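Secondary and tertiary structure notes
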Amino acid sequence: MILSTVLICLTVLFSFSQDMPANNDFWKNVQFGGGIGLNLGNGFFSGALAPNALYRFSPYVATGIGLNFQYSSQRDVFQSTVLGASVVGLFNPYRGLQISTEFEQLHVNRNFDEQFIDNADDQYWYPALFLGLGFTSGNITFGIRYDVLYDANKSIQPEAWMPFIRFWF
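Residues numbered from 1 in each chain as written. Predicted model: local features only at pLDDT ≥ 70, side-chain atom pairs only at ≥ 80, totals over all residues. Heavy atoms only, no water.

Brief notes about the confidence of the model for the protein
What counts, and what does not: Values of pLDDT, which run from 0 to 100, indicate the predictor's confidence residue by residue. Here, two residues are considered to be in contact whenever any of their heavy atoms come within 4.5 Å of each other.
The share of residues in the protein with pLDDT of 70 or more is 83%, and the mean pLDDT across the chain is 82. In the predicted structure, residues 2–20 sits below a pLDDT of 50 and forms 0 contacts with residues beyond four places in sequence or in another chain.

So, in structure tokens, the structure goes:
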């Protein structure tokens, strides 16, 4: 019974399918990119990976999605893991100028060393909404962005203002 149902569904699916037109431009308008971060110090380590996919509707407007992963640790103090996703919108009103909006939803997991009694371990969701301005040259954009939802007690960043570099392929 199950096998016959699957076969009927596949037959119906393939009988109504159509060939994709040869001039489909969808994949020509998709760009991949993101960022990689590494920060080392005296007993401190921080690494980040943030892949993104972007669809360019025109030379002026694009939107996309991304994933975020960050791990940080300070020897004998804390370990922090951050996982999340983002939605980005880009507007290029002039060649070389980029205005961006990016919404991130991040899950933060902070574990403090037992010797720090005042700092309790923490797990929470943190939203961030960035407005940015950048300058583009080829496939690279560099600029600054501001987190309008910044909360000094919950943010994983030390300030609301952050420089950025984006790479797209």
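Remarks on the environment of A62
Selection rule: The helix count covers DSSP runs of H or I at least four residues long, the strand count covers runs of E at least two residues long, and both are numbered beginning at the N terminus. Only protein chains enter the area calculation, which uses a 1.4 Å probe; residues under 20% of their type maximum are buried, those over 50% are exposed, and those in between are partly exposed.
Relative to the helices and strands, A62 is located in strand β3 (residues 61–74). Overall, the relative accessible area of 3% leaves A62 in the buried class. Separated by 27 residues in sequence, A62 and G89 place their C-alpha atoms 5.9 Å apart. Setting aside anything within four residues of it in sequence, one finds A62 in contact with L54, Y55, R56, F57, V88, G89 and L90.

Looking at the packing of aromatic side chains
Here is the rule we go by: Geometry of aromatic contacts follows a simple scheme: Phe, Tyr and Trp rings, the Trp one being its six-membered ring, pair when their centres are within 6.5 Å, and the pair is stacked under 30 degrees between planes, edge-to-face over 60, tilted otherwise. Any Lys NZ or Arg CZ found within 6 Å of a ring centre and within 35 degrees of that ring's normal is scored as a charge over the ring.
One pass over the full model with this rule turns up 7 aromatic pairs. Measuring from ring centre to ring centre gives 4.9 Å for Y55 and F57, while their planes differ by 75°; the resulting arrangement is edge-to-face. Y55 gets classed as partly exposed once you look at its relative accessible area, which sits at 22%. The exposure class of F57 is exposed, given its relative accessible area of 56%. Among the aromatic side chains, those forming a connected cluster through ring pairs are F26, W27, Y55 and F57. Geometry around F130 places R145 over its ring, the cationic atom sitting 3.7 Å from the centre. Above the plane of the ring of F164 lies R166, whose end atom (NZ or CZ) is 4.2 Å from the centre.

Focus on the pattern of salt bridges
Which entries qualify depends on this criterion: Each salt bridge in this description consists of a side-chain nitrogen of Lys or Arg and a carboxyl oxygen of Asp or Glu lying within 4 Å of one another.
Under the defined criterion, the tally for this structure stands at 3 salt bridges. For E102, the salt bridge is made with R145, and the minimal N-O distance between the two is 2.8 Å. Separated by 43 residues along the polypeptide, E102 in strand β5 (residues 97–112) and R145 in strand β7 (residues 140–147) bring together distant segments of the chain. Take E102 and R145: they sit in the same class, and that class is buried. One salt-bridge network, held together by shared partners, links E102, R145 and R166.

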